[in-house]
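Coordinate inspection notes
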Amino acid sequence: MTVDASAPPTRRAVVPPQRGSIARRGSVFLSRHPRVRLSLLLGAPLFWLGLVYIAALAALLITALWTVDSFTGQISQTWTLDNIVAVLTGSLYQTVTLRTVGVALLVTIIDILIALPIAFYMAKVASPRAQRILVIAILMPLWASYLVKAYAWRSVLSQGGIFEWLVSPFGGHSPGYGLPATIITLSYLWLPYVILPIYAGLERVPDSLMEASADLGGGTWSTLRLVVLPMIWPAIIAGSIFSFSLSLGDYITVNIVGGANQMLGNLVYTNVGAANNLPLAAAIALIPILIIFAYLAAVRRTGALNNL
Amino acid sequence: MRLSRPARGLLATITAVVLALIYLPLLVVFVNSFSTSQNLTWPPPGFTLEWWAKAFQSDGALDAVLTSLQVALASTAIALVLGTLISIGLQRFEFFGRDAISLLVILPIALPGIVTGIALNNAFRTGLGVQLSILTLIIAHATFCIVTVFNNVIARLRRLGTSLEDASSDLGAGIWTTFRLVTFPQLRSALFAGGLLAFALSFDEIIVTTFTAGSSVKTLPLWILDNLFRPNQAPVVNVIAVVLVLVSIVPIYFAQRIAGAEKVVR
């Protein structure tokens, strides 16, 4: 490559020759000491995440081992396993845990099944222009407030709402408010978070690989199953982390469209607020924490955590 | 693999149907913002511009939008700095505990918001003894926003490799100069995409916000939650949602253009 020396100096990136300045000496020192460089890079973020987040989580878990004085309503720092035992053995907690995990799993499966064909169409069939428009179309609903969208579903599914209006000519009914409405609404809310990573994963699958598979006699289904699916598996898992964990902790959607049903988030919320029992709330919060950790540990090997 | 015509048609149909389903509730919100009915009757009994007029005169709503903007901008800025630092550290160095750190970054978004919320609430009030305020809210938001910047930047760094940076230092540039003139320009669009997601995440967050905002701080989602079930205010909330969706086209469009300009041909 030739450098046009006659080009005006402003057009070229000029490396300032400031030998001996503090910046220069710092730069030399840092390039000779990669460990120092690394600790400067990671110092601030780790301080933040460790101090703000991990310390707070640890404190919360310790609170689960304390109790609330029933007279004063203050937390008394007596060590006890009562809260943990109550959460592990109480039938209410078992039922609600099963219900919550069930809802979260169903939402995740529904979202993946819907996201796969759309993401495939966006990444592999649509023209570049259509592709761009589709991404915008998927991203835009994310900006309508979560609450407004949940409330919109309340309106859609209400008696005399648009859903009933659409299906009643065919003899259908609105499911009303309850678990099905919760699952529909949560699937709706988290769908973009599942489509986007899968779309990004599919974009990274080269067309040439799929053509090679076809040239070697692979049919559509076997190409999808043996070539495409293994390549986008981490992206699918990455999407599922969003829908699963966002559903697992939700308590507002279920309040808006879930009728009288409760999820784990509701139990935590009532114990923090109305019942003023933070230790019990912390003990209940352990359930989703453990479930998420188990889930993350299970999917870590797929490399999904690099695809979020 | 060559898709047959019917297969392509089927995929296009599925995409169209799902997009229609995605926009159906938004359409309902849009129509209800002009409806004379306050309790979501369908089809709407009449047309009115009352709610649109009210929305633009509602001080509560405008204040809430401003508060949300402040919180989202501040936490996005913090997330951009911390997320960039951590992704350079993790991508350009090999060391023990790297996996643990990337898990640490993901945790605030992977754990349910209510867990993050009560943990931070407990830590701020009883652990540190500080009053909840807009600052505690920004700290909480920045914590879970780091991950979006981190993901975008680390993916970009992985793709870039180090050859250009190596060339820059071979030619005598120090590490600041290399970062300013070589690394940063290549990261810019990743930072934009990550920052946009972080902004959106913070702007719409309600659960962590409930537990970490001071009582005088009303972000837009908190204001919406207060007003959603009031018959006189619910249509105003619809108006605000419509405006937000329309306004969001601008940043998304720019993000797409920047990403599109850099895209490698598939």
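Please read all numbers here as calculations on a predicted model, not as lab measurements. (Residues numbered from 1 in each chain as written. Chains lettered and ligands numbered in written order. Predicted model: local features only at pLDDT ≥ 70, side-chain atom pairs only at ≥ 80, totals over all residues.)

Before going further, it helps to examine the overall build of chain B. When you go through chain B residue by residue, the secondary structure sums to 11 helices and zero strands. Structurally, chain B occupies a C-alpha span of about 70 × 65 × 30 Å along its principal axes. A total of 266 residues make up chain B; the buried ones form 46% of that total. Of the contacts formed within chain B by residues at least 6 apart in sequence, a portion of 77% connects residues at least 24 apart. (Helix = DSSP H or I, 4+ residues; strand = E, 2+ residues; numbered from the N terminus. Buried ≥ 20, exposed ≤ 12 C-beta atoms within 10 Å, placed from the backbone. Contact = placed C-beta atoms within 7 Å.)

The secondary structure content of chain A amounts to 13 helices and two strands. Projecting the C-alpha coordinates of chain A onto the three principal axes gives extents of approximately 80 × 60 × 40 Å. Taking all 308 residues of chain A together, the buried fraction comes to 42%. Considering only contacts within chain A whose residues lie at least 6 apart along the sequence, 72% involve residues at least 24 apart.

Attention now goes to the UniProt feature "transmembrane region" (unreviewed entry) in chain B. As recorded in UniProt, the feature "transmembrane region" (unreviewed entry) lies at residues 12–34, 69–88, 100–120, 132–154, 190–214 and 234–254 of chain B. Structurally, residues 12–34 of chain B is divided into 91% helix and 0% strand, and its ends, taken at the C-alpha atoms, are 32 Å apart. (UniProt positions renumbered as here; feature names shortened; annotations may be inferred.)

Turning our eyes to something else, we now look at the interface of chain B and chain A. In this assembly, 81 residues from chain B lie in contact with 83 residues from chain A. Taken together, the elements giving at least two residues each to the side of chain B that touches chain A come down to α1 (5–32), α3 (59–92), α4 (98–110), α5 (113–127), α6 (134–160), α8 (175–204), α10 (220–227) and α11 (234–262) of chain B. Residue contributions to the side of chain B that touches chain A peak at 15 residues, all from α1(B). Each residue belonging to the side of chain B that touches chain A can be placed in one class, and the counts come to 59 nonpolar, 18 polar and four charged. (Nonpolar A, V, L, I, M, F, W, Y, C, P; charged D, E, K, R; others polar.)

UniProt feature "domain: ABC transmembrane type-1" (unreviewed entry): in the numbering of this structure it lies at residues 65–255 of chain B. Along residues 65–255 of chain B, the helical share is 82% and the strand share 0%, with 22 Å between the first and last C-alpha atoms.

Here, UniProt's "domain: ABC transmembrane type-1" (unreviewed entry) annotation points to residues 97–299 of chain A. Measuring from the first to the last C-alpha atom of residues 97–299 of chain A gives 21 Å, for a span that is 78% helix and 0% strand.

In this model, α4(B) (13 residues) spans 18 Å end to end at C-alpha, consistent with the 18 Å of a helix rising 1.5 Å per residue. Of all the bends in α4(B), the greatest reaches close to 25 degrees and is centred on L104(B); the proline P108(B) follows between one and four positions later. All of the buried residues along α4(B) are S102(B), V105(B), I106(B), L107(B), P108(B), I109(B) and A110(B). Among the structural elements, α2 (34–63), α10 (220–248) and α13 (278–300) of chain A together with α3, α5 and α6 of chain B are those in contact with the buried residues of α4(B). (Expected span 1.5 Å × (residues − 1). Bend = angle between axes of the 7 residues up to and from the residue.)

Formed by 159 residues in total, the largest nonpolar core has its most connected members in A119(A), I195(A), I198(A), V268(A), I284(A) and I118(B). Considering every element that reaches this core, the biggest residue donor is α6(B), with 14 residues. (Core = buried A, V, L, I, M, F, W, Y, C linked by C-beta atoms within 7 Å.)

Right, let's talk about the environment of W48(A) for a bit. Tracing the chain through its elements places W48(A) in helix α2. Sequence spacing of W48(A) and L92(A) is 44 residues, and the spatial spacing of their C-alpha atoms is 37 Å.

All names here are of chain A. One way to put it is that helix α8 (residues 179–203) packs onto α10 with a least axis distance of 8 Å and a crossing angle of 160 degrees. In this view, α8 runs roughly antiparallel relative to α10, as classed from their interaxial angle. Here the hand of the crossing between α8 and α10 comes out right-handed. Within the contact between the two elements, α8 uses L186, W190, Y193, V194, P197, I198, A200, G201 and L202 and α10 uses I232, P234, A235, I236, A238, G239, F242, S243, L246 and S247. Taken together, the residues of the contact of α8 with α10 sort by class into 15 nonpolar, four polar and no charged. (Axes fitted to C-alpha atoms, helices over the stretch in contact; angles between N-to-C directions. Parallel < 35°, antiparallel > 145°, perpendicular 65-115°, else oblique. Left-handed = near helix turned anticlockwise from the far one by under 90°.)

Here the focus is the environment of M122(A). Residue and element names in this part refer to chain A. With respect to the helices and strands, M122 occurs in helix α4 (residues 91–125). Residue M122 is classed as buried on the basis of its C-beta count, with 26 C-beta atoms lying within 10 Å. Along the primary structure M122 and S155 are separated by 33 residues, whereas in three dimensions their C-alpha atoms are 30 Å apart.

Moving on: the confidence of the model for chain A. Averaged over every residue, the pLDDT of chain A is 83; residues scoring 70 or more account for 91%. Summarising per-element confidence for chain A, the mean pLDDT is lowest in strand β2 (residues 75–76) of chain A (72) and highest in α4(A) (93). (pLDDT = per-residue confidence, 0-100.)

This part covers the packing of α10(A) against α13(A). All names here are of chain A. Where α10 contacts α13, the axes come no closer than 11 Å and their chain directions differ by 175 degrees. What the angle tells us is that α10 and α13 run roughly antiparallel. Taken together, the residues of α13 that come into contact with α10 (itself represented by I237, F244, S245 and L248) are P288, I291, I292, Y295 and V299. Tallied by class, residues from the contact of α10 with α13 come to eight nonpolar, one polar and no charged.

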